[in-house]
Amino acid sequence: MGIAAVVALIGLSRGLVASWTAGMKSRGTEIVVHNMRGSLTPKPFPAATRDRIAHLPGVAATCMILVDLMSVENAELMIVSGREWGCFAWENLKVVSGRIPKDQMERAVLLGTTAADVLKKKVGDTVQIETEELTVVGIVEGGAFVENGSIILSLPLLQQITGNQDKISAIDVRVAAGTNDAEIRRLCEEMSRLIPEAHADPAGEHLAHTEGYRVINAMSWGTSLLAILVGVLGVTNTMLMSVFERRQEIAILLALGWKRSRIVRMILWESAMLGLLGGIIGVGLGVIGVHLMQAAPAIRGLLEPDLSFNLILMAVTIAVCVGVLSGFYPAWRSSRLTPSLALHG
C-alpha cells in the first residue's frame, strides 16, 4: 500500500504542475506575473500594473487573466478563466462546435471539451456562474488538459460577475523570438521589481514555487512515507516468520558448510524479491487508484496525473530498498542459528 500511495499521491501532485505547465505552453505563455505565493489560487491585483511591463525590451505581447476555482452547478470545482479580449490566450482555442463570443460584453462562455462533459452542457445551454446565467456559445479544444477543463469568458465579464472590477490574477507574457532562458529570467527579475505586489516566474515554475504546492507535495510525501514505514514493519514481520519456520532448513545448510554470510545474502535476496513483487503490485494499485481519483467529480478536469516512467521506476526502486531494509534483522537472526538445530526433528 505504501508504493500505491507513492504512485497515486506523488503522481497527482506532480500532475498538478505538469497540467498547468502544459496549459501555459498551449497558450504560448513564457512568463507568468502572478500573486499566488501563499496559495494555489492567485490573489487579484490591479490591472493597471500591466502597463509597467508591457513595453519592456524583450516583451512581445501580454495578456491579462482573471482565473478562479469555483463551484459551478453540479461541479464541485471548475476552472473559470476570464481573458483579455483579443489577446493571444484566445488563439489556441479550436472551436469544436458553436462559435467564439462576438465581443467582450456578450454574456456568453466557451466550455472546454472536458468541462462540457462534466457539466453536461452543449451549445445553446446556459451555465450559472455565481448568480449570473450565461449562454454556452461554443465548445473548444484548448490543446492541454487544463484548458479543456476550463470555462472561458471575457475578462470584463468575469470581473463584473466576481466583483473584481479592474483586478486581474495573472499577466501572461510572450517574449520576443530568440530570447534565451537567461534573458527570460532577467526579464522576470525586472518585472518583479516593477510590480512589487506580484511576482514573475518562467511559465511552468510559478506553481511549483507557491507555498500551497509545497504544502501539498510535503503532505503527499509524508503520507507516502508513513505508508512505507507500515510496509517495512509488515515485510520485516513476514521475513521473521519465514526464518522462524525455516530454522531447521537453515541449520542444515549451515551444517553442510554454508557460511553465515551466504545465509544473510539468501535472506536479503528473498526480501528484495518480496519487495520487488510488492512494488509491482503497488504500482498497479496506484495507477488504478489515480484513474479512479481522476474521474472523481471533485477534481475531474483540473489536472492530469503524471504517471511517468521515472515515477514508476522510483516507486519500484523504493519497494526493493524497503524489502532489503526489512530483511536486515531477519537475515541477522538467521545467521545466529547453530547447526545443532538440524538434529532436532
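Our subject is the structure listed above.
These numbers were taken from a predicted model, which means no experiment stands behind them. (Residues numbered from 1 in each chain as written. Predicted model: local features only at pLDDT ≥ 70, side-chain atom pairs only at ≥ 80, totals over all residues. Heavy atoms only, no water.)

Caption draft 1: Here's a closer look at the state of the cysteines. Inspection of every chain in the model, using the stated rule, returns one disulfide. Between the sulfur atoms of Cys-63 and its disulfide mate Cys-87 the distance is 1.9 Å. In this pair, Cys-63 is assigned in strand 3 (residues 59–72) and Cys-87 in the loop between strand 4 (75–83) and strand 5 (94–98), connecting sequence segments 24 residues apart. (Disulfide = S-S within 2.5 Å. Helix = DSSP H or I, 4+ residues; strand = E, 2+ residues; numbered from the N terminus.)

Caption draft 2: Structural detail: the nonpolar core. By size, the foremost hydrophobic cluster in this structure holds 42 residues, and its most contacted members are Ile-31, Val-33, Val-109, Leu-111, Ile-151 and Met-191. In terms of residues, this core owes the most to one element, strand 3, which gives five residues. Judged by nonpolar contacts, the second largest core, of 18 residues, contains Met-24, Ile-65, Ala-89 and Ala-108. (Core = buried A, V, L, I, M, F, W, Y, C linked by side-chain atoms within 4.5 Å. Buried < 20%, exposed > 50% of the residue type's maximum accessible area, 1.4 Å probe, protein only.)

Caption draft 3: The arrangement of the environment of Gly-98 in detail. Position of Gly-98 relative to the elements: it lies in strand 5. Sequence-wise, Gly-98 and Gly-124 are 26 residues apart; in three dimensions their C-alpha atoms are separated by 8.5 Å. Contact partners of Gly-98, with chain neighbours within four places excluded, come to Val-123, Val-137 and Gly-138. (Contact = heavy atoms within 4.5 Å.)

Caption draft 4: Quick look at unusual backbone geometry. If you check the backbone angles, Lys-120 has positive phi at about 55° while not being a glycine. For Lys-120, the position within the fold is in the loop between helix 2 (113–119) and strand 7 (126–129).

Caption draft 5: Local environment of the pairing of strand 4. Where burial is concerned, most of strand 4 is hidden: seven out of the nine residues are buried. By the bridge criterion, seven bridges tie strand 3 to strand 4 in an arrangement that is antiparallel. Within strand 4, the position partnered with Ile-65 by the bridge is Arg-83. From the end of strand 3 to the start of strand 4, which pair antiparallel, there are two residues, and Glu-73 there has a positive phi angle of about 50°. One ladder, built from five bridges, connects strand 4 with strand 9 (residues 150–154); its direction is parallel. Residue pairing for strand 9: Ser-81 is matched across the bridge by Ile-152. (Pairing = 2+ DSSP bridges.)

Caption draft 6: Representation of helix 9 (residues 309–335) within the structure. For helix 9, built from 27 residues, the straight-helix expectation of 39 Å at 1.5 Å per residue is met to within 8% by its first-to-last C-alpha distance of 38 Å. The sharpest bend along helix 9 comes to roughly 35°, located at Phe-328, with the proline Pro-330 sitting one to four residues further on. Those residues of helix 9 that fall on the buried side of the exposure criterion are Leu-311, Ala-315, Val-316, Ala-319, Val-322, Gly-323, Ser-326, Gly-327, Pro-330, Ala-331, Ser-334 and Ser-335. (Expected span 1.5 Å × (residues − 1). Bend = angle between axes of the 7 residues up to and from the residue.)

Caption draft 7: View of the packing of aromatic side chains. Tallied over the entire structure, the rule returns two aromatic pairs. With a centroid separation of 5.2 Å and 65° between ring planes, the pair formed by Trp-85 and Trp-90 is classed as edge-to-face. Residue Trp-90 is classed as buried on the basis of its relative accessible area, which comes to 10%. Ring geometry for Tyr-329 versus Trp-332: centroids 6.1 Å apart, planes at 25°, classification stacked. Of this pair, Tyr-329 and Trp-332 are both found in helix 9, three residues apart, which corresponds to roughly one turn of the helix. On the accessibility criterion, Tyr-329 (41% relative accessible area) is partly exposed. Looking at Trp-332, the relative accessible area reads 47%, which means it is partly exposed. One Lys or Arg, Arg-262, reaches over the ring of Trp-258 and ends 3.7 Å from the middle of that ring. (Phe/Tyr/Trp six-rings, centres within 6.5 Å; stacked < 30°, edge-to-face > 60°. Lys NZ or Arg CZ within 6 Å of the ring centre and 35° of its normal.)

Caption draft 8: Highlighting the pattern of salt bridges. Applying the stated criterion across every chain, the model contains eleven salt bridges. The shortest N-O distance in the salt bridge between Arg-193 and Glu-190 comes to 2.6 Å. On the criterion of helical spacing, the pair formed by Arg-193 and Glu-190 is a turn pair, its members being three residues apart in helix 5 (residues 181–194). A relative accessible area of 27% means that Glu-190 is categorised as partly exposed. (Salt bridge = Lys/Arg side-chain N within 4 Å of Asp/Glu carboxyl O.)

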